[in-house]
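Here is how the chains run, residue by residue.
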Amino acid sequence: MTSSLWERIEPLLSRVERPARYIDSEWGAHRDSDASYRAALLYPDTYEVGMANQAIAILYDRLNAVDGVAAERVYLPWVDMAEQMRTQSVPLFTLETCAAVASCDLLGITLPYELTYSNILEALDLAGIPLRAADRSDADPLVVGGGPCAFNPEPIAPFFDAILVGEGEDAALEIVAAHRAAREQGYSREATLKELSRIPGVYVPALYSPNESGQGASALVAQAGAPEVVTKRVVADLGAYDTPTCPVVPFMDVVHDRVGVEVLRGCTRGCRFCQAGMVYRPVRERSADQIVREALAGIRCTGYDELSLTSLSTTDHSQLEEVMRRLTRRLEGTGISVSLPSLRVDAFSVSMARLVGGGRKSGLTFAPEAGTQRLRDVINKNVTEQDLLDTVSSAFTSGWRRVKLYFMIGLPTETDEDIEGIGRLVSKVFRAAREATPPQQRGGIRVGVSVSTFVPKAHTPFGFDGQISYHEVLRRQQVLRDSMPKKGIDLAYHDAQVSLLEGVMARGGRELADGIEAAWRGGARFDAWTEQFDLGLWTTALESVGLDPHAIATRSFDRGEPTPWGHISSGVGEGYLWHERERAFAGETTEDCSFDDCTGCGVCGDSGLGVDIVLGGERRGSR
Amino acid sequence: MAPGEFRLRVRYGKIGRLRHLSHLEVIHAIERGARRADLPYAVTRGFNPHMKLAFGPALPVATAGLSEYFDIWLTRYMPAEETLNRLAGAMPPDLTPVSSGYVGDDLPSLSAACNIALYEMRIEREDLDRGTFAKALDAVVRSGELTVQRKGKTKVFDLARSLSKEPRVSVDQTGVVVELAVRMGQEGSLRPEALVGAALSRMDAEGAAIAVTRIDTLIEDEKGCARPL
Ligand code: SF4
């Protein structure tokens, strides 16, 4: 565990904030100094943000189980530590054995959200690894990305040797195996990358070049031998994989400081703005038995006092009630609580929350997303005003005094009437909350309203339409403020500048890589941190390489026009997305295929992925 | 303490890399360790039930400790040796339980009772001469007072009160070692680095790294000085 690198790191710790970010030694960490293959798994943000990431926990577990392989964690040092490391020539290091990242065989980088792109360059630079894949030699680690942003990888593609699209449970092991085999054969880097491109779901950017003809779905064309379209990886049966029940338990307070069991993967509610809903299909539930068993094992092994049942839509799990009853019975009197991440707007969710909370009634969160029924139909968010008011009433009758509501502005077809509708809906929610609360307690009622700006994402029905302009965002935020009641309401909305940069990164192509590099060279990092974010710096950088951020974010695509992500497939057919877009503009809603009939999105049938819906039981009624 | 509960006192060390933990981080780590150890811990009543646990005086970030204490209340009796074995198997290596034993229900809390801390400080500076340093430290102690600025506040310590015995300066292969006994109290205790730092700055040697270890935490009363366990 002690290495000469640690001896150079330790003296820096008294000069930086939160040294616990850098000291390793946590319960559950795997330390293997003898492994012949070392994989560094980087989350491109601080320790306390990255430790919450379940994907890394899964890959850490699976890779460490392989003979001869050690997977180790890496987080991006905060600016104070990075500065110390640069002055003292300390390279980016892994936590477990304090190995220099550049000395590892593989550097896996999670791509959680667009605002981490500058951090990826910061990490590569601190590690002393050439930023561009094209400049790396056989001595450099293989740099592989994966995660939500892999569905539009182009802005960062030149920085990666390979990018995995979709789920990594099996694919990560295949990548490592292929890399080890290639090394044994003495393959060059180029030959190794060719090998990797044969693994389903693996995209090797170097093998794709600009589509000069402008024909076809993609802005890039594959070189001979590489797949024309890279289709995501997906595991058929989530239940066949174990939840990491002994994950690393941090010392410092981290985001989501609890043990998580992923109860299901995928969501087919079909919200048309939602990338996660489109790209993680189909729905695959774990069984109640497995969930309860793994939850208890997780608590035993970690010592956490909180357990979270995670997924995109946990209250949709067909056996949730059974799971909750069994867990609350088993955990009675232990001081250990269960939490549910997101609640559907319905009475069932409130009754589940009641089981969870016991005495704790901190606050409930619901996401109606839009202020009018018309717009909720357009986006296929099947929540009515009455659903919301009834749910709020039942929550406040049960003793809750706080709710938080999530909305978006900038959705396709939105008018000022829809934005004012948010204000009206919030007023009604407040009234419903008051009526359900005894008079002497009404002073404590708080309604939090959080409003984000819609960023149209690749592989969704709304991904063909550009983001609304920056100035229009500001104007609509003004309409929002003017229409929002004041008393008892806490309004928060996303910074329009941040949303613009998100739009640029979500919608742009490979041309953005030069801009990202220029921004990082100009000092951009930790863009998701308000105190570090500087749009001016980004605009200057993008303009310096001839790019107009506003034009990129607001760009729309016609049917048949190549998109920057046309060579990547989530399994959902492009025809289906266009069809859904048409239905949206006609105000028609689409059912959830895990409750009703197949809607023909293509994932289960045409994609050749060999997957289907997996449910633990019957889902509770049709919607 | 509710009837039928047992108050177990545990002595532990916070050493190695884990000396960089804050007091709050140590508390969380021990809570989690006690759950992993499956000790039959008692839980407080109320809306937000949590483990019944109480700690001795906090150790700052970067300060190691060899003799730190916490009390945990158990709902059933378990031989002290078994509690220790279970904890030892459930704690990260540098947060090590050393001994455990049951204590009386009527004893005051650890944080109120512990009033003396013994520190060992290693000054990590090769060219430091023991004799010169000892003289400088002696001069600071003789001056009777030490003014400390921390987080924008100024505090004046009466050294005759704050130090429970004369500092000892020695030398070993790593360099100069200082032993201090500091009185702890409600009004805030003297940080030993401040005293050593003042001596170093008298000899224009400030800035040297000081590795601080609290080697003992003691309870002093009319009868003398004793360990809490
Ligand atoms: S309910 Fe809608 S927004 Fe939520 S994950 Fe499913 S599709 Fe996405």
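Criteria and cut-off values
- Residues numbered from 1 in each chain as written.
- Chains lettered and ligands numbered in written order.
- Predicted model: local features only at pLDDT ≥ 70, side-chain atom pairs only at ≥ 80, totals over all residues.
- Heavy atoms only, no water.
- Helix = DSSP H or I, 4+ residues; strand = E, 2+ residues; numbered from the N terminus.
- Rg over C-alpha atoms; globule rule 2.2 N^0.38 Å.
- Buried < 20%, exposed > 50% of the residue type's maximum accessible area, 1.4 Å probe, protein only.
- Contact = heavy atoms within 4.5 Å.
- Areas by Shrake-Rupley, 256 points an atom, 1.4 Å probe, with all protein chains shown as cover.
- Lys, Arg positive; Asp, Glu negative; His and termini not counted.
- Charge placed at Lys NZ, Arg CZ, Asp CG, Glu CD.
- Domains from an automatic or database assignment.
- Buried area = accessible area lost by both parts, 1.4 Å probe.
- Salt bridge = Lys/Arg side-chain N within 4 Å of Asp/Glu carboxyl O.
- Polar contact = N/O pair within 3.5 Å; in protein donor to acceptor, adjacent residues only side chain to side chain.
- Pairing = 2+ DSSP bridges.
- Axes fitted to C-alpha atoms, helices over the stretch in contact; angles between N-to-C directions.
- Core = buried A, V, L, I, M, F, W, Y, C linked by side-chain atoms within 4.5 Å.
- 1 Å grid on protein atoms, 1.4 Å probe; cavity = no way out; pocket = protein on both sides within 12 Å on 5 of 7 lines; lining within 4 Å.
- Points joined across faces, edges and corners; volume = space filled by probe spheres on them.
- Nonpolar A, V, L, I, M, F, W, Y, C, P; charged D, E, K, R; others polar.
- Parallel < 35°, antiparallel > 145°, perpendicular 65-115°, else oblique.
- Left-handed = near helix turned anticlockwise from the far one by under 90°.

This paragraph deals with the overall build of chain A. Across its full length, chain A carries 20 helices and 19 strands. The C-alpha atoms of chain A give a radius of gyration of 24 Å, which matches the 25 Å a tight globule of 623 residues would have. Overall size of chain A, expressed as C-alpha extent along the three principal axes, is 70 × 60 × 50 Å. Taking all 623 residues of chain A together, 59% fall into the buried category. For chain A, the share of sequence-separated contacts (at least 6 apart) that also reach a separation of at least 24 residues comes to 77%. A total accessible area of about 22,900 Å² is found for chain A, and carbon and sulfur atoms account for 49% of it. Taken as two groups, the 64 positive and 86 negative side-chain charges of chain A have centres that lie 6 Å from each other.

Right, let's talk about the domain arrangement of chain B for a bit. Residue and element names in this part refer to chain B. What the domain assignment reports for chain B is domain 1 (6-112) and domain 2 (114-228). Of note, the centres of domain 1 and domain 2, computed from C-alpha atoms alone, are 27 Å apart. The partner domain 2 presents 13 residues to the 17 residues of domain 1 that form the contact. Buried area between domain 1 and domain 2, both sides added, is near 1,200 Å², and the carbon and sulfur share of it is 49%. Seen at the junction of domain 1 and domain 2, the total is one salt bridge. In this structure, Glu68 engages Arg214 in a salt bridge whose closest nitrogen and oxygen atoms are separated by 2.7 Å. Seen at the junction of domain 1 and domain 2, the total is nine residue pairs in polar contact (both at pLDDT 80 or more). For the side of domain 1 that touches domain 2, the secondary structure elements donating two or more residues are strand 1 (6-14), strand 3 (64-74) and helix 3 (110-113). Here the element with the most residues in the side of domain 1 that touches domain 2 is strand 3; it accounts for six residues.

Looking now at the sheet that holds strand 16 (residues 402-409) of chain A. Each strand in a sheet pairs with its neighbour through backbone hydrogen bonds, running either in the same direction (parallel) or in the opposite one (antiparallel). Residue and element names in this part refer to chain A. The parallel open sheet is built from four strands, whose spatial order is 15-16-17-18. What marks the edges here is a single partner per strand, and that holds for strand 15 (364-369) and strand 18 (489-493). Across the sheet, the axes of successive neighbouring strands diverge by a mean angle of 20°, strand direction being ignored. Both strand 15 and strand 16 contribute to a ladder of four bridges, which runs parallel. Among the inter-strand pairings, Glu369 is bridged to a residue of strand 16, identified as Phe407. In this fold helix 14 (residues 416-435) packs onto strand 16, strand 17 (446-453) and strand 18, with an angle of close to 170° to the strand it touches most, strand 16.

The biggest cluster of nonpolar side chains holds 189 residues, and the ones touching the most others in it are A:Phe93, A:Leu309 and B:Ile72. Of the residues forming this core, the biggest block, eight residues, is contributed by helix 14 of chain A. Residues within four places of A:Leu309 in sequence aside, it is in contact with A:Val261, A:Val263, A:Ile291, A:Thr314, A:Leu320, A:Val323, A:Met324, A:Leu327, A:Val338, A:Ser339, A:Leu340 and A:Pro341. Counting residues in hydrophobic clusters, the runner-up holds 33 residues, among them B:Tyr119, B:Val148, B:Val176 and B:Val212.

All names here are of chain B. Volume-wise, the second largest pocket comes out at about 950 Å³. Arg150, Gly188, Ser189, Leu190 and Arg191 are, among the 33 residues lining the second largest pocket, the residues nearest its centre. Broken down by secondary-structure element, the contributors of at least two residues to the lining of the second largest pocket are helix 3, strand 6 (145-150), strand 7 (153-158), helix 6 (192-202) and strand 10 (209-221). Per-element tally for the lining of the second largest pocket: the top contributor is strand 6, with five residues. Considered class by class, the residues forming the lining of the second largest pocket number 15 nonpolar, ten polar and eight charged. Both domains that furnish three or more residues to the lining of the second largest pocket are identified here as domain 1 (6-112) and domain 2 (114-228).

Within the secondary structure, B:Glu25 sits in helix 1 (residues 23-36). As a buried residue without a salt bridge, B:Glu25 has its nearest oppositely charged side chain in A:Arg18, at a separation of 6.9 Å. The residues touching B:Glu25, leaving out its near neighbours within four places in the chain, are A:Ala20, A:Phe251, A:Met252 and B:His20.

On to the pattern of salt bridges, then. All names here are of chain A. One pass over the full model with this rule turns up 65 salt bridges over all chains. Where Arg189 meets Asp161, a salt bridge forms, and the shortest distance between an N and an O atom there is 2.7 Å. Separated by 28 residues along the polypeptide, Arg189 in helix 7 (residues 189-196) and Asp161 in the loop between strand 4 (142-146) and strand 5 (162-164) bring together distant segments of the chain. Here Arg189 and Asp161 have matching classes, each one buried. Here the salt bridges share partners, and the residues they tie into one network are Asp24, Glu26, Arg31, Arg73 and Glu96.

The subject of this paragraph is the sheet that holds strand 1 (residues 37-43) of chain A. Residues and elements named next belong to chain A. Here six strands make up an open sheet; going across it, the order is 2-1-3-4-5-6 and the pairing mixed. The outermost strands of the open sheet, each flanked by one partner alone, are strand 2 (69-75) and strand 6 (202-203). Across seven bridges, the pairing between strand 1 and strand 2 is parallel. Each bridged residue has a counterpart across the sheet, and for Arg38 the counterpart in strand 2 is Ala70. With respect to the sheet, helix 6 (residues 171-184) is in contact with strand 1, strand 2, strand 3 (106-110), strand 4, strand 5 and strand 6, its orientation differing from that of strand 1 by roughly 140°.

This part takes up the packing of helix 17 (residues 512-521) of chain A against helix 18 (residues 535-544) of chain A. Residues and elements named next belong to chain A. Running from N to C, helix 17 and helix 18 cross one another at 130°; their axes reach a closest spacing of 8 Å. Overall, the two elements helix 17 and helix 18 adopt an arrangement that is oblique. For the element pair helix 17 and helix 18, the recorded crossing hand is right-handed. Of the residues in helix 18, those touching helix 17 at Leu512, Gly515, Ile516, Ala518 and Ala519 are Leu537, Trp538, Ala541, Leu542 and Ser544.

Let's shift gears to the interface of chain B and chain A. For an interface, size is often stated in terms of accessible area lost upon the parts coming together. Taken together, the contacts link 22 residues of chain B with 30 residues of chain A. Buried area between chain B and chain A, summed over both chains or domains, comes out near 2,200 Å², and the portion from carbon and sulfur atoms is 56%. By the criterion of area lost to chain A, the three top residues of chain B are B:Arg17, B:Arg32 and B:Arg36, representing 36% of everything that side buries. For the pair chain B and chain A, the interface holds three salt bridges.

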